[in-house]
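The primary structure of each chain is shown beneath.
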Amino acid sequence: MRNIKLIALDLDGTLLNMEKKVPQGNYQALKECEKAGIQIVPATGRGVGGIPPMIRELPGANYAITTNGAVVADLKNNKAIKTCGLSNEMIQRILNIAKKYHSATDPFIDGRAITEPASIDHMDEFGLSPEMQKLIRDTREVVPSVMEYVKTTGAEAEKVNIFMADLEEREVLRKELMAIPELSISSSMYNNLEVNAKGADKGSALLWLADYLGIDREETMSFGDGENDIPMIQAAGIGVAMENALDTVKAAADMITLKNDEDGVAAAIRKSYLDQMKNDDGTLAINRSRCVFSGNDVIWSLPRPAASVCFSWSAGTDDHYRESSNTVCHRFCKGKSCDPGKCGSFYYGSIRMAAAGGERKHSSGGPAYGDRRTETPTIGKRCSFGK
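The following paragraphs examine the structure supplied in this document. (Residues numbered from 1 in each chain as written. Predicted model: local features only at pLDDT ≥ 70, side-chain atom pairs only at ≥ 80, totals over all residues. Heavy atoms only, no water.)

Helices and strands together make up the secondary structure of the chain, namely 12 helices and 20 strands. Burial statistics for the chain: of 387 residues in total, 55% are counted as buried. Across the chain, the fraction of contacts at a sequence separation of at least 24, relative to all contacts at a separation of at least 6, is 61%. Split by element, the accessible area of the chain, about 16,600 Å² in all, is 49% carbon and sulfur. (Helix = DSSP H or I, 4+ residues; strand = E, 2+ residues; numbered from the N terminus. Buried < 20%, exposed > 50% of the residue type's maximum accessible area, 1.4 Å probe, protein only. Contact = heavy atoms within 4.5 Å. Areas by Shrake-Rupley, 256 points an atom, 1.4 Å probe, with all protein chains shown as cover.)

See below:
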């Protein structure tokens, strides 16, 4: 069990169900994460203005990654703390290229999407579901002409969204846009393209925000289902793909959870973290897994309902951890490198060590829970402990 401190969540197709609502199971899991001090970070292709109140009010949601990582926002203070946008000249270039095709273009400016009647009045032509059409109407500002608005305001954009009516044309347009080195092209739907400035993606934004908050990469977890989620899935310590995700997303992930309509976010959080943080009486053990390095000593602290029991393990040689396949890895202290064959396991409220040698020193009063070798490996990865 890793000591997760930040969970980044794509919204559409991931945290939200097909009705664009947060299922109760997901909400409850995030509420428990908040109690454990975990940052909950919406990570979306939407602009800040497109994040609905039910998302802003999620437990632990202090920050958001928006428009595919072009903006990292402080939700509580309503301000951007990092941006990576498209110049006004580049927006015009993108719009001029897109208008050669049957497309609807929406630049995202100052946290909101700008559209025009020629696009929003013809959404049926682009194969958009009723739910998606409602979302677009709720989150777009309609102006007479997108191009004239861009020229007149001189504004920069966070991204440009392009809906395509013809999927073959979509691939032609993608190749044309990808030939521009200053751009990053992704997609969140089968019939759209999302154009960002190079360097703006959910993965880069996740790593930046984690560093800003003093959180190591290995202490992060991310969820997604679409192409624009792949950088975030790859960047996080644990990357999770939904069962309804694209195959390319699943291939990039560390694990696959249930569909977004089946509380898949909650299922993965509980399997990977929450259920392993429960005390014997079923209560959540807050900040339960901690360690301190002192020379060659690795010290574990396990708060329990009655008292805290600590252990110090003198790690003087490399053979203190017996090889055991599928033993769970706990990198408590910021990204210790994996080393198959050397591991310890923390298992449901007791300490179980796979040890071939080494001196055990009980460092506090009370019995030493699980001070023994384990013969039963637990689920997870094999890694070094104390390196």
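Picking up after the structure, the text goes on.
The next point concerns the packing of aromatic side chains. Overall, the coordinates contain 2 aromatic pairs when judged by the stated rule. A ring pair is formed by tyrosine 63 and tyrosine 212, whose centres lie 6.3 Å apart and whose planes are at 80 degrees; its orientation type is edge-to-face. Taken together, the positions of tyrosine 63 in strand β3 (residues 63-66) and tyrosine 212 in helix α9 (residues 202-212) put the pair 149 residues apart, joining distant regions of the chain. On the basis of an interplanar angle of 15 degrees and a centroid distance of 5.1 Å, the ring pair of tryptophan 208 and tyrosine 212 is categorised as stacked. Taken together, the residues tryptophan 208 and tyrosine 212, both in helix α9 and 4 residues apart, mark about one turn of the helix. With relative accessibility at 44%, the residue tyrosine 212 sits in the partly exposed group. An aromatic cluster is built from Tyr63, Trp208 and Tyr212, whose rings are joined through pairwise contacts. Above the plane of the ring of phenylalanine 108 lies lysine 159, whose end atom (NZ or CZ) is 4.8 Å from the centre. (Phe/Tyr/Trp six-rings, centres within 6.5 Å; stacked < 30°, edge-to-face > 60°. Lys NZ or Arg CZ within 6 Å of the ring centre and 35° of its normal.)

The subject of this paragraph is helix α7 (residues 146-153). Looking at α7, one finds that the buried residues are Val146, Met147, Tyr149 and Val150. For α7, the buried positions fall inside an angular range of 165 degrees around the axis, keeping them on one side. If you follow the buried residues of α7, they end up packed against α4 (88-98), β6 (103-109) and β7 (112-115). Among the residues trailing α7, glycine 154 stands out with phi positive, at a value near 65 degrees. (Arc of directions from axis to C-beta.)

Attention now moves to the sheet that holds β3. Sheet strands pair by backbone hydrogen bonding; their relative direction is either parallel or antiparallel. With respect to topology, 3 strands assemble into an open sheet ordered β3-β4-β5, the strand pairing being antiparallel. One side of each edge strand has no neighbouring strand; the edge strands of this open sheet are β3 and β5 (79-83). Averaged over all pairs of adjacent strands, the angle between strand axes in this sheet comes to 25 degrees, irrespective of strand direction. The pairing of β3 with strand β4 (residues 71-74) spans 4 bridges and is classified as antiparallel. Note on β4: the bridge partner recorded for threonine 66 is valine 71. Where α9 meets the sheet, its contacts fall on β3, β4 and β5, and the angle it forms with β3 comes to roughly 160 degrees. (Pairing = 2+ DSSP bridges. Axes fitted to C-alpha atoms, helices over the stretch in contact; angles between N-to-C directions.)

Taken in spatial order, the 5 strands make up an open sheet running β2-β1-β12-β13-β14, and their pairing is parallel. The sheet is open, and its two edges are formed by β2 (39-42) and β14 (255-256), each paired on a single side. Where strand β13 (residues 238-241) meets β14, 2 bridges bridge the pair, whose relative direction is parallel. Across the sheet, the residue bridging to alanine 241 is isoleucine 256, located in β14. Along the sheet, α9 makes contact with β1 (6-9), β2 and β12 (220-224), crossing β1 at roughly 155 degrees.

Interpretation note: all reported values are geometric properties and have no functional meaning in isolation.
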